[in-house]
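Analysis of the macromolecular model
Below, each chain spelled out in residue letters.
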Amino acid sequence: MENTDVQEVKRHIRVYLYTFSALAVLTVVTVAAASLNVAVGTGIFIAMVIATAKGTLVAGNFMHLFSEKKLVYLVLIITVFLFFVMLIIILSTINDQVISVS
């Protein structure tokens, strides 16, 4: 039983080291991307892609979301769906204006 515990700890350490390495590389990529001479929209898109990758690594490994049960993903999917429903409701009211006739 002890041997499997040691192997499990070694596996977790390896995952954390890979995550650290990936985050370090993505940090270097972030610094390199900051020096690119691109349009503002393109720069924001590049920054968001890098930030999304880093956030996924942190949330997935350090918050243990990659190994959680299906219920967590179901709650996440429902939350994202309801977010978009609320966003559509809000965006659909942009052109709703009360026009007063004097």
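Shown above is the structure to which this text applies.
Residues numbered from 1 in each chain as written. Predicted model: local features only at pLDDT ≥ 70, side-chain atom pairs only at ≥ 80, totals over all residues. Heavy atoms only, no water.

**Let's talk about helix 2 (residues 40-62)**
Across its 23 residues, helix 2 extends 32 Å between first and last C-alpha, which sits within 8% of the 33 Å expected from 1.5 Å per residue. Within two residues after helix 2, His 64 carries a phi angle of roughly 60 degrees, on the positive side. (Helix = DSSP H or I, 4+ residues; strand = E, 2+ residues; numbered from the N terminus. Expected span 1.5 Å × (residues − 1).)

**Quick look at the pattern of salt bridges**
This structure, assessed with the given rule, holds one salt bridge. Its salt-bridge partner being Glu 8, residue Arg 11 comes within 2.8 Å of it at the nearest N-O pair. On the criterion of helical spacing, the pair formed by Arg 11 and Glu 8 is a turn pair, its members being three residues apart in helix 1 (residues 2-34). For Arg 11, a relative accessible area of 38% puts it in the partly exposed group. (Salt bridge = Lys/Arg side-chain N within 4 Å of Asp/Glu carboxyl O. Buried < 20%, exposed > 50% of the residue type's maximum accessible area, 1.4 Å probe, protein only.)

**A few points about the packing of aromatic side chains**
For the coordinates displayed, the defined rule picks out two aromatic pairs. A ring pair is formed by Tyr 16 and Phe 62, whose centres lie 5.6 Å apart and whose planes are at 20 degrees; its orientation type is stacked. Of this pair, Tyr 16 sits in helix 1 while Phe 62 is found in helix 2, placing the two residues 46 residues apart along the sequence. Judged by its relative accessible area of 31%, Tyr 16 is partly exposed. Take Phe 62: its relative accessible area is 40%, and that puts it in the partly exposed class. Between Phe 83 and Phe 84, the aromatic rings sit 5.4 Å apart at their centres with planes inclined by 65 degrees, giving edge-to-face as the arrangement. Looking at Phe 84, the relative accessible area reads 45%, which means it is partly exposed. (Phe/Tyr/Trp six-rings, centres within 6.5 Å; stacked < 30°, edge-to-face > 60°.)

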